[in-house]
Amino acid sequence: MKYEELIAQLCEVIKESENNAQLIYDNAEMIDNVIEGLDIPLHKKNKISDVVSNIYGLLQNQDLHRQKIERVVNFVCEKNDIDKSQYNLAPSAKNIDSSDETLSADELELLIKQMQA
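Along each chain, numbering runs from 1 in the same order as the chain's sequence is written. Residue-level local features of this predicted model are given only where pLDDT is at least 70; pairs of side-chain atoms are given and counted only at 80 or more, and the full residue set underlies all totals for whole chains, interfaces and linings. As a rule here, side-chain values cover all heavy atoms of the structure and leave hydrogens and water aside.

Participant: It is not clear to me how the packing of aromatic side chains should be interpreted in this structure. Could you clarify?
Facilitator: Aromatic ring pairs: the centre-centre distance and the angle between the two ring planes describe each pair. Stacked, tilted and edge-to-face are the three classes applied to pairs of Phe, Tyr and Trp rings, where Trp contributes its six-membered ring and a pair requires centres within 6.5 Å; stacked means planes under 30 degrees apart, edge-to-face means over 60, and tilted covers the rest. Taken as a whole and assessed by the stated rule, the structure comprises one aromatic pair. With a centroid separation of 5.4 Å and 50 degrees between ring planes, the pair formed by Tyr25 and Tyr56 is classed as tilted. On the criterion of sequence distance, the pair formed by Tyr25 in helix α1 (residues 3–37) and Tyr56 in helix α2 (residues 42–79) is long-range, its members being 31 residues apart. Residue Tyr25 is classed as partly exposed on the basis of its relative accessible area, which comes to 34%. Only protein chains enter the calculation, and the probe is 1.4 Å; a residue is then buried if its accessible area is under 20% of its type maximum, exposed if over 50%, and partly exposed in between. The class of Tyr56 is partly exposed, set by a relative accessible area of 21%. The numbering of helices and of strands both runs from the N terminus, where a helix is a DSSP run of H or I of at least 4 residues and a strand a run of E of at least 2.

Here is the structure:
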C-alpha cells in the first residue's frame, strides 16, 4: 500500500468519525431538550442529565483521537513530500510532538469540565 492510499483511507476514517460525532451530539442535545420538558422528579432529571454530560465528554475524547489521526496524516505527508491540500486536512493538526501550544491532560480535563458546567 502506498502512502497516498493509506492517507486517503485515514481521511475517510476522519470524515466518518466527524459525521458520526455530529449525529451523536445532535441526538444527545435532543435528549437533553426532551428531559427539560418532562414532568419527572428532579433527581431523575439530574441523573439523565449526568449521562448526557458524560456523552459530551466522550465525544470530546473521541475528537482528540480524530485530531491525533490528522496529525499522523500531516506528519506522513510532510516526511514524504506529499501534497496535503488534496486531503482537506485541518490546518491546526500539524504537530505530532509536544510543544508549548498543546494542553496537558490535566489542562484538557479542566477545560472539558468548564465547558460542561
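Here the narrative resumes, following the displayed structure.
Participant: Please explain α2 as it appears in this structure.
Facilitator: Residue pairs three or four apart in sequence face the same way in an α-helix, which turns once every 3.6 residues. A rise of 1.5 Å per residue sets the reference length of α2, with its 38 residues, at 56 Å; its end C-alpha atoms lie 55 Å apart and thus fit the reference within 8%. Positive backbone phi, at 50 degrees, marks Asp81, one or two positions downstream of α2. Helix span is expected to be 1.5 Å times the residue number reduced by one.

Participant: I keep staring at the packing of α1 against α2 and nothing clicks. Help me out?
Facilitator: A pair of packed helices is characterised by two quantities: the angle between their axes and the separation of those axes. Axis definition: a line fit to C-alpha positions, over the contact stretch in the case of helices; interaxial angles, taken between N-to-C directions, run 0 to 180 degrees. Where α1 meets α2, the axes come as close as 10 Å, and the angle between the chain directions of the two elements is 165 degrees. One element, α1, and the other, α2, form an angle in the roughly antiparallel class. Judged by the twist between their axes, the crossing of α1 over α2 is left-handed. Only Asp, Glu, Lys and Arg are considered charged, only Ala, Val, Leu, Ile, Met, Phe, Trp, Tyr, Cys and Pro nonpolar, and every remaining residue, Gly among them, polar. Grouping the amino acids of the contact of α1 with α2 by side-chain chemistry returns 21 nonpolar, three polar and seven charged. Angle categories are assigned with fixed cut-offs, so that under 35 degrees is roughly parallel, over 145 is roughly antiparallel, 65 to 115 is roughly perpendicular, and the rest are oblique. Here is the rule for handedness: rotate from the far helix to the near one, and if that takes an anticlockwise turn smaller than a right angle the crossing is left-handed, while a clockwise turn gives right-handed.

Interpretation note: all reported values are geometric properties and have no functional meaning in isolation.
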